[in-house]
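Here is what each chain is made of, one letter per residue.
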Amino acid sequence: MKRIAVVDNEKLKDKEKNLYIQGICPVNRAGIECIAVEDYGLKIDELTCIGCGLCVKAAPNAIKIVNLPEILDKKPIHRYGINKFALFTLPTPLFGKVVGILGVNGIGKSTAINILAGLFKPNFGNLEKKETNFKDIIDFFKGTETQLFFENVREGKIKVSYKPQHVDLIPKTKKGKVKDLLKKVDEKNMLQEIAEELEISDILGNDIDKISGGELQRVAIAATALKKANFYIFDEPTSYLDIKQRINTSKFIRSLSDENTAVMVVEHDLIIFDYLSDLAHIMYGSEDVYGNISGLKSTKNAINVYLDGYLKEENLRFRNKTIKFEPRKIFAKKKEEALISWENITKNLGNFTLIAEKGSISKGEVIGILGENGIGKTTFVKILANVIKKDAGILNENIKVSYKPQYLASNNELVINVLRETIEKYTAQIINPLDIKPLLDKRLDELSGGELQKVAIALCLSKDAGLYLLDEPSAYLDIEQRLIVSKVIRDFMELKNTSALIVEHDLLFLDYLSDKLMVFDGIPAKEGIVKGPFSMEEGMNLFLKKLGITLRRDKESLMPRINKLDSKLDREQKEKGKFYYA
Ligand code: SF4
């Protein structure tokens, strides 16, 4: 198979149009049936297709023709159907190691994980095949570590425990108190211990449908770890978690791997991915068309290859552009007057009190906000956006504010209608780099979490404002989308010389974007104290010191990396009080 054709026949219901598409195919015109018009829509024969792209031009939202790299001139491990997505191989679990999978969304990570977890039987591209047995799988992976893995599965030596990606769906199928639900899966009799480690002891008595996203995530991780297994899989374990929880959860997940236990993780926070994994696969391909997995690499090497977009061993470029992190520019103090300033603001919400000390934001500044969950970051942003009123204190603002909330509401409006102004004014700056064009004909309630996030960011940025407030803009985005979104926001602020305040838990995202930092201190759910804005160095030092971690910049990629606890660098940086880049 040299190329792959994916057809969305839901969008090809018009028989006349289908006949037209068939008629423009040069292979059909030469008398060979490459495109067939069936009752259900179009069928494209990948073996005779010459990849001219004429049919794609005629139906860009419904047909994708992608040339496959030479190394994929072979049968896939799974094909979803005729002219549907193909997955070519699987990642390799290793005992005693945490193996990470790096890659964009929509290229089969969940399919691969579901096959390894035994939840899904592959068909090896044979669409007629009804039953797959272990012999087929073992033959497919002959001579590899994955062969050994499936032999162990066949002999009943592997027991898999799997945390799915969408923890928000758990309350839809599980009801009752957290403690009772965890007790049911506590095969190790370690509920109390694991609850303490993941800091969920206080919510064990709560109903599962009354806890926050971050709590739900840690309950799902606890449930996975409480099962007696020797292969643990965590699909996006840090979504909804703040940085402190991300570090703590990563340490916990790492502690599960030993000589008899393998751990596999999919994670989109690159700094956490680096901290969490011993080895990594790169997953590449074309969204909704095909996915393949590289050989195993050291995590550092995998990240560098991923950023570079080129797999040397396979001689394969999987992205046109290389991603580079520029050395941080020293913030030059701007002379403009404060756009917005505050002093001794307080706000009481039930048992929670927010106190904002003195601070201000000037024109052209991008300010990152760091802090634990439940410490009042969103409340503060809402006060500045005039969504809620302060109880006391001084707030001077004489600017228009555009606000993207943390939780995104969707309805049946078409994206093209919602973003009409953005398309008119900022196609080059926002619509194209965020790749929103393929979404324009969709309704908001049809979009995935990541797609909805991109639309909400585009809408927020295109409003005429002096200050842009973005609450967790990286949520639901994959690594590549995060890097693109951070660049779009940064470039947009520079272009318009306006300011932005960004609440975020992804340190890489904030590090790239921010000129300055605000740090929220206090006790979650009780008291939040707003501090700053500080210079990046001062703010990061304050924040990282509380977490007890140090960051360095990788010499090759210039990406920030967390130093191993008690390593030489970690100790040196702590001694000098430089928690952020020695
Ligand atoms: Fe025909 Fe293939 Fe060209 Fe489409 S890309 S028109 S199927 S030859």
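Structure first, text after, so check above.
Residues numbered from 1 in each chain as written. Predicted model: local features only at pLDDT ≥ 70, side-chain atom pairs only at ≥ 80, totals over all residues. Heavy atoms only, no water.

Enquirer: So what exactly am I meant to see when it comes to the overall build of the chain here?
Expert: A count of helical and extended segments in the chain gives 21 helices and 27 strands. What you see for the chain is a C-alpha radius of gyration of 25 Å, in line with the 25 Å of a compact globule of 582 residues. Expressed as a percentage of its 582 residues, the buried residues of the chain come to 53%. Sequence-distant contacts, at least 24 apart, represent 69% of the contacts inside the chain between residues at least 6 apart. Carbon and sulfur atoms make up 50% of the accessible area of the chain, which amounts to about 26900 Å² in all. Side chains of the chain carry 88 positive and 82 negative charges; the gap between the two charge centres is 1 Å. (Helix = DSSP H or I, 4+ residues; strand = E, 2+ residues; numbered from the N terminus. Rg over C-alpha atoms; globule rule 2.2 N^0.38 Å. Buried < 20%, exposed > 50% of the residue type's maximum accessible area, 1.4 Å probe, protein only. Contact = heavy atoms within 4.5 Å. Areas by Shrake-Rupley, 256 points an atom, 1.4 Å probe, with all protein chains shown as cover. Lys, Arg positive; Asp, Glu negative; His and termini not counted. Charge placed at Lys NZ, Arg CZ, Asp CG, Glu CD.)

Enquirer: Is there a simple way to explain the site of the ligand in this structure?
Expert: Around the ligand, the structure places 13 residues, and the nearest of them are C25, C49, C52, G53 and C55. When atoms are counted within 2 Å of each cavity's grid points, the one that captures over half of the ligand is the largest cavity. (Near = heavy atom within 4 Å. 1 Å grid on protein atoms, 1.4 Å probe; cavity = no way out; pocket = protein on both sides within 12 Å on 5 of 7 lines; lining within 4 Å. Sits in = over half its atoms within 2 Å of the grid points.)

Enquirer: How should the packing of aromatic side chains be read in this particular structure?
Expert: In this description, an aromatic ring pair is defined by two values, namely the gap between the centres and the angle between the planes. Across all of its chains, the model carries 16 aromatic pairs by this definition. When the ring of F88 is compared with that of Y290, the centres are 6.1 Å apart and the planes differ by 80°; the resulting orientation is edge-to-face. In this pair, F88 sits in the loop between strand 6 (86-87) and strand 7 (98-103) while Y290 sits in strand 12 (residues 290-293), placing the two residues 202 residues apart along the sequence. Summarising the burial analysis for this pair, F88 and Y290 share the class buried. The structure contains a cluster of three or more aromatic residues connected by ring pairs, namely F124, F140, F141, F149, F150 and F231. Positioned above the aromatic ring of F134, the side-chain terminus of K121 is 5.8 Å from the ring centre. The ring centre of Y306 lies 5.0 Å from the NZ or CZ of R319, which sits over that ring. (Phe/Tyr/Trp six-rings, centres within 6.5 Å; stacked < 30°, edge-to-face > 60°. Lys NZ or Arg CZ within 6 Å of the ring centre and 35° of its normal.)

Enquirer: Help me understand the pairing of strand 25 (residues 527-535), please; the structure alone is not making it clear to me.
Expert: On any regular strand, side chains alternate: one points to one face of the sheet, the next to the other face. Both strand 17 (residues 352-356) and strand 25 contribute to a ladder of 4 bridges, which runs parallel. For T353, the partnering residue across the bridge sits in strand 25 and is E527. Pairing geometry for strand 24 (residues 516-523) and strand 25, over 7 bridges, is antiparallel. Note that in strand 25 the partner of G522 across the bridge is G528. (Pairing = 2+ DSSP bridges.)

Enquirer: Would you take a moment to explain helix 11 (residues 243-256) for this structure?
Expert: At 3.6 residues per turn, the α-helix brings residues three or four places apart onto the same side. Taking 1.5 Å as the rise per residue, helix 11 with 14 residues should run 20 Å; its terminal C-alpha atoms sit 20 Å apart, in good agreement. Along helix 11, the residues classified as buried are I243, Q245, R246, I247, T249, S250, F252, I253 and L256. (Expected span 1.5 Å × (residues − 1).)

Enquirer: Help me out: how do you make sense of the packing of helix 17 (residues 449-462) against helix 18 (residues 479-496) in this one?
Expert: In helix packing, the relevant descriptors are the interaxial angle and the interaxial distance, both defined with respect to the helix axes. It is at 12 Å that the axes of helix 17 and helix 18 come closest, and there the two elements cross at 0°. By the angle between their axes, helix 17 is roughly parallel relative to helix 18. Taken together, the residues of helix 18 that come into contact with helix 17 (itself represented by K454, I457 and L461) are Q481, V485, V488, I489, F492 and M493. For the contact of helix 17 with helix 18, the class distribution of residues is 7 nonpolar, 1 polar and 1 charged. (Axes fitted to C-alpha atoms, helices over the stretch in contact; angles between N-to-C directions. Parallel < 35°, antiparallel > 145°, perpendicular 65-115°, else oblique. Nonpolar A, V, L, I, M, F, W, Y, C, P; charged D, E, K, R; others polar.)

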